[in-house]
Amino acid sequence: MLDELYKEIILDHYKSPRNRGKASKVDFHAHGVNPLCGDDIELTLTVDRDIIEEVKFDGHGCSISQASASILTETLVGLTLDQAHTKIEHVKSLFKGNDIVTEDLGDIEALQGVRKFPVRIKCATLAWNALQLSLQNSATGQSTAYSDE
Ligand code: ZN
């Protein structure tokens, strides 16, 4: 029953993606590809004084990868960069099989259904991994796309 609910949430994000497009001012740019499935996601962020003001995504791929990116944009807007780092770690840990019961996950919860399908985990984590790499790169001045191979 719960699986059905999860499926509906994912399909809803896939069919009506939130925050699709490009941020008005690009302070961070992340690009992630998952060649195994053909997922390709670009994220752009506007950050003002450490607060994420806008998160947008663009790209193509399967419903899981696109829904996950859509959920990411809704989850991270309004957070500080530090909070975003922590949130990304939590989400990645969730996909590794750790249950996080201490915080309200919102629609992220719907994505944990993919843990039963290891090959789809890469689809679900793509946007999160790509953004994490971009945030880390910005600290070191590097710029590389995230590729999940
Ligand atoms: Zn995929």
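Reading the values: the criteria
Residues numbered from 1 in each chain as written. Predicted model: local features only at pLDDT ≥ 70, side-chain atom pairs only at ≥ 80, totals over all residues. Heavy atoms only, no water. Donors = N, O, S within 2.8 Å, 3.2 Å for Na, K, Ca; no water. Helix = DSSP H or I, 4+ residues; strand = E, 2+ residues; numbered from the N terminus. Salt bridge = Lys/Arg side-chain N within 4 Å of Asp/Glu carboxyl O. Buried < 20%, exposed > 50% of the residue type's maximum accessible area, 1.4 Å probe, protein only. Expected span 1.5 Å × (residues − 1). Bend = angle between axes of the 7 residues up to and from the residue. Axes fitted to C-alpha atoms, helices over the stretch in contact; angles between N-to-C directions. Left-handed = near helix turned anticlockwise from the far one by under 90°. Contact = heavy atoms within 4.5 Å. Nonpolar A, V, L, I, M, F, W, Y, C, P; charged D, E, K, R; others polar. Pairing = 2+ DSSP bridges.

### What about the coordination of the zinc ion?
Logical step 1: Protein-derived ligands of the zinc ion are Cys37 (SG), Asp39 (OD), Asp39 (OD), Cys62 (SG) and Cys123 (SG), with the metal-ligand distances lying across 2.2 to 2.7 Å.
Logical step 2: Sequence spacing of the donor residues for the zinc ion, all on one chain, is C-x1-D-x22-C-x60-C. One end of the pair, Asp39, is in strand β2 (residues 39–48); the other, Cys123, is in helix α5 (residues 118–140), and 84 residues separate them in sequence.

### Observations regarding the pattern of salt bridges
Logical step 1: If you walk through the whole model with that rule in mind, you get 9 salt bridges.
Logical step 2: Ionic pairing is found between Arg18 and Glu74, a salt bridge with its closest N-O pair at 3.7 Å. Of this pair, Arg18 sits in the loop between α1 (2–15) and β1 (28–34) while Glu74 sits in helix α2 (residues 63–76), placing them 56 residues apart in sequence.
Logical step 3: The class for Arg18 is partly exposed, based on a relative accessible area of 21%.
Logical step 4: The salt bridge involving Lys56 is made with Glu54; its shortest N-O contact spans 3.9 Å.

### Brief notes about α5
Logical step 1: Taking 1.5 Å per residue, 23 residues should reach 33 Å; α5 reaches 32 Å between its end C-alpha atoms and fits that length.
Logical step 2: At Thr125, α5 is deflected by roughly 50°, the largest bend along its length.
Logical step 3: Backbone geometry just after α5 places Gly141 at a positive phi near 80°.

### A few points about the packing of α2 against α5
Logical step 1: Two numbers describe how α2 lies on α5: the axes approach to 8 Å, and their chain directions differ by 35°. When you trace α2 past α5, the crossing you get is right-handed. Across the interface between the two elements, Ile64, Ser65, Ser68, Ala69, Leu72, Thr75 and Leu76 from α2 touch Arg120, Cys123, Ala124, Ala127, Trp128 and Leu131 from α5.
Logical step 2: Taken together, the residues of the contact of α2 with α5 sort by class into 9 nonpolar, 3 polar and 1 charged.

### Notes on the sheet that holds strand β4 (residues 146–147)
Logical step 1: What the 4 strands build is an open sheet, ordered β3-β2-β1-β4; its pairing is mixed. Whereas interior strands pair on both sides, the edge strands pair on one side only; in this sheet they are β3 (51–60) and β4.
Logical step 2: As judged from the 9 bridges shared by β2 and β3, these two strands associate in the antiparallel manner. Note that in β3 the partner of Glu42 across the bridge is Asp58.
Logical step 3: The strands that α2 touches are β2 and β3; relative to β3, the one it contacts most, it runs at about 170°.

### A word on helix α3 (residues 81–95)
Logical step 1: Under the 1.5 Å per step criterion, the end-to-end length of α3 is 21 Å for 15 residues, consistent within 8% with the ideal 21 Å.
Logical step 2: For α3, the complete set of buried residues consists of Leu81, Ala84, Lys87, Ile88, Val91, Lys92, Ser93, Leu94 and Phe95.
Logical step 3: Residues of α3 that are buried in the fold lie against β1, β2, β3, α2, α4 (108–111) and α5.
Logical step 4: At the C-terminal side of α3, Gly97 shows a positive phi close to 110°.

### A word on the pairing of β1
Logical step 1: Only one face of β1 is covered, namely the face carrying Phe28, Ala30, Gly32 and Asn34; the face carrying His29, His31 and Val33 is uncovered.
Logical step 2: The pairing of β1 with β2 spans 7 bridges and is classified as antiparallel. In the strand pairing of β2, His31 is matched with Glu42.
Logical step 3: Here β1 pairs with β4 via 2 bridges, running parallel. Paired with Val33 across the strands is Ser147, a residue of β4.

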